[in-house]
Amino acid sequence: MAALPHHVSARAGIVVTGTEVLTGRVTDRNGPWLSERLREVGVDHAYTLIVGDRREDMEEALRFMAARGVELIVTSGGLGPTADDLTAEVVGAFAGREMVLDAPLEERIAEILRPLLSRWPDLDPDAIRASNRKQAVVPVGATVLEPVGTAPGLVVAVDGGPTVVVLPGPPRELHAMWPAAVETDSFRAAVAGAVELRQEMLRLYGIPESEIAETLRLAEEAHGLEGLEITTCLRRGEVEVVTRFSPAAADVYEHFVQTVRERHADTLFSDDGRTVDEQVADLLRTRGLTIATAESCTGGLLAARLTDLAGSSDYVLGGLVVYANEAKVALAGVDSALIARVGAVSVEVAEALADGARAALGADFGVGITGVAGPGGGTPEKPVGLVCFSVAGSDGARLTRSINLPGSRADIRDRSTTVAMHLVRRLLVGAR
């Protein structure tokens, strides 16, 4: 939907290197993190390219970014001591800079490595020294960012082209090095045209993405969306509407939000970007309430999600994984006759699990989940994807649902936790 005005701010590209990332063996955590950091300093993130550890592909990625007029390129990875770590050398060639040994940097890296040699005396010191030396070979004139691990970062200005920020691949090292990169003269000069870019998120649940598309069309007709870059995404069963804009378009954004509120009052659950997980946590904590779970098909995933947030011990008492019917009876106190009569996948058993979790752990709220996650085990009456939920409160309040969820086994199990979280939130805010 509508885009930011062309070149409203300084623009950047991200090049993530590593064959392990390209092939999916390692998930890229650096690109999304860097994208948000760029937005925070007012830089418009235009492209992300992921390339393997091949010189020609790295060179082509840099040329691609430069040809599209970005002011800044940020790379991650390829700064290690092995032969396939080529980023510094490739960036030096791209910038037309000779590669030279930085002797003081070599000594600083040697100091970092010295405890390693003392801890493992069988390591070959000559091989370690050679690796150490490779990491200290940098483009002439580059600004060196001090190592967090053993790899230094670099900021390299290119005559007539973009400035390149070269960062290591391990997220811990990259995160720690970023503030120093932002403070360099070359970085500041490259992003001198940056302007503030706000980013806001609306979250909706229980609505198809197509309905949001209609809302965008109506908002465009009613008051326009000039200056807003709006993207929608269906994730974990929720629709996320993310909008980026400059402060000059703040009034336009407020009109858009009002349109969403009016059309989707029953499904808009967050207008400040806060997740349902955060909302549930705050509702439980501020009211001094506790929660416990009894899970069959999700196998503890809801309990894991509830305890993802720091401080969850204030309100999460624990969870029961009751996959087998015998466990449902022994741990959650479900009546075996009930299971025999209606089956383990039923709203009646979900309610018994919620009550059992609350009673077994002494919680104010209990959540029960039972279903058919697949890929096998389904029947015409109870197909794969059928999941039954119940949330029970100590005051007798209860919400129970039976839902057919789409997708793979992993999708069904993950989306089940989202359904459960929203049922908990609704019961906490008084829905019946």
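Residues numbered from 1 in each chain as written. Predicted model: local features only at pLDDT ≥ 70, side-chain atom pairs only at ≥ 80, totals over all residues. Heavy atoms only, no water.

Attention now goes to the overall build of the protein. The helix and strand inventory of the protein stands at 16 helices and 17 strands. Across its three principal axes, the protein shows a C-alpha extent of roughly 80 × 65 × 45 Å. Across the 432 residues in the protein, those meeting the buried criterion constitute 48%. Residue pairs in contact within the protein that sit at least 24 positions apart in sequence constitute 70% of those at least 6 positions apart. As displayed, the protein has an accessible area near 19,400 Å², and 52% of this comes from carbon and sulfur atoms. (Helix = DSSP H or I, 4+ residues; strand = E, 2+ residues; numbered from the N terminus. Buried < 20%, exposed > 50% of the residue type's maximum accessible area, 1.4 Å probe, protein only. Contact = heavy atoms within 4.5 Å. Areas by Shrake-Rupley, 256 points an atom, 1.4 Å probe, with all protein chains shown as cover.)

Let's shift gears to the packing of helix α3 (residues 55–67) against helix α4 (residues 87–94). For the pair α3 and α4, interaxial distance at closest approach is 10 Å and the crossing angle is 45°. The angle between α3 and α4 places the two elements in the oblique class. In this structure, the crossing between α3 and α4 has a hand that is right-handed. Contacts between α3 and α4 involve R55, M58, E59, L62, R63 and A66 on the former and, on the latter, T87, E89, V90, V91 and F94. Here the residues of the contact of α3 with α4 are counted per class, giving six nonpolar, one polar and four charged. (Axes fitted to C-alpha atoms, helices over the stretch in contact; angles between N-to-C directions. Parallel < 35°, antiparallel > 145°, perpendicular 65-115°, else oblique. Left-handed = near helix turned anticlockwise from the far one by under 90°. Nonpolar A, V, L, I, M, F, W, Y, C, P; charged D, E, K, R; others polar.)

Now for the sheet that holds strand β9 (residues 198–205). Pairing within the open sheet is antiparallel, and its four strands lie in the order β10-β11-β9-β12. Edge positions in the sheet fall to β10 (229–235) and β12 (268–270), since each of these pairs with one other strand and no more. Recorded for the sheet is a direction-independent mean angle of 30° between the axes of neighbouring strands. Of the strands in this sheet, β9, β11 (238–245) and β12 are in contact with helix α16 (residues 409–428), which crosses β9 at around 90°. (Pairing = 2+ DSSP bridges.)

Okay, the state of the cysteines next. One pass over the full model with this rule turns up zero disulfides. Between C388, a free cysteine, and C297, which holds the nearest cysteine sulfur, the sulfur-to-sulfur gap is 8.8 Å. (Disulfide = S-S within 2.5 Å.)

Here strand β1 (residues 11–17) lies mainly inside the structure; seven of its seven residues are buried. Alternating residues of β1 divide into R11, G13, V15 and T17 and A12, I14 and V16, and every residue in both groups is buried. Bridging between β1 and strand β2 (residues 44–51) involves seven bridges; their strand directions are parallel. Paired with V15 across the strands is L49, a residue of β2.

An ideal rise of 1.5 Å per residue puts 20 Å on 14 residues; helix α10 (residues 250–263) measures up with 20 Å between its terminal C-alpha atoms. Among the residues making up α10, those that are buried are A250, Y253, F256, V257, T259 and V260. Against the buried residues of α10 lie β9, α9 (209–223), β10, β11 and β12. (Expected span 1.5 Å × (residues − 1).)

This part takes up the pattern of salt bridges. For the coordinates displayed, the defined rule picks out 26 salt bridges. The shortest N-O distance in the salt bridge between R263 and E211 comes to 3.2 Å. Here the residue R263 occupies a position in helix α10, and E211 occupies one in helix α9, the gap between them amounting to 52 residues. Where R217 meets E214, a salt bridge forms, and the shortest distance between an N and an O atom there is 2.5 Å. Highlighted residues: R217 and E214, both in helix α9, separated by three residues, approximately one helical turn. Take R217: its relative accessible area is 39%, and that puts it in the partly exposed class. Residues joined by salt bridges that share partners form a network here, namely D272, R274, D282, R285 and D314. (Salt bridge = Lys/Arg side-chain N within 4 Å of Asp/Glu carboxyl O.)

The next point concerns the side chain of S270. Position of S270 among the secondary structure elements: in strand β12. Separated by 3.3 Å, the side chain of S270 and the backbone nitrogen of G273 make a polar contact. Apart from the residues lying within four places of it in its own chain, the contact partners of S270 are M201, L202, R203 and Q279. (Polar contact = N/O pair within 3.5 Å; in protein donor to acceptor, adjacent residues only side chain to side chain.)

Examined against the element boundaries, G78 turns out to sit in the loop between β3 (72–76) and α4. Those residues within four positions of G78 in sequence are excluded, and the remaining contacts are T17, D85, L86, T87 and A88.

Tracing the backbone through its elements, the reader meets V391 in strand β16 (residues 386–393). Considered as a pair, V391 and A350 are 41 residues apart in the sequence and their alpha carbons are 8.6 Å apart.

The next subject is the packing of helix α5 (residues 103–119) against helix α6 (residues 125–135). Packing of α5 against α6 brings their axes to within 9 Å, and their N-to-C directions diverge by 145°. At the point where α5 passes α6, the crossing takes the right-handed sense. Every residue of α6 that contacts α5 at L105, E106, E107, I109, A110, L113 and L117 is listed here: P125, I128, R129, N132, R133 and Q135.

What follows covers the packing of aromatic side chains. Applying the stated criterion to the full structure yields four aromatic pairs. Ring geometry for Y47 and F64: centres 5.3 Å apart, planes at 80°, overall edge-to-face. Remark: F64 occurs in helix α3 and Y47 occurs in strand β2; sequence separation between them is 17 residues. When its relative accessible area of 25% is taken as the criterion, Y47 is described as partly exposed. (Phe/Tyr/Trp six-rings, centres within 6.5 Å; stacked < 30°, edge-to-face > 60°.)

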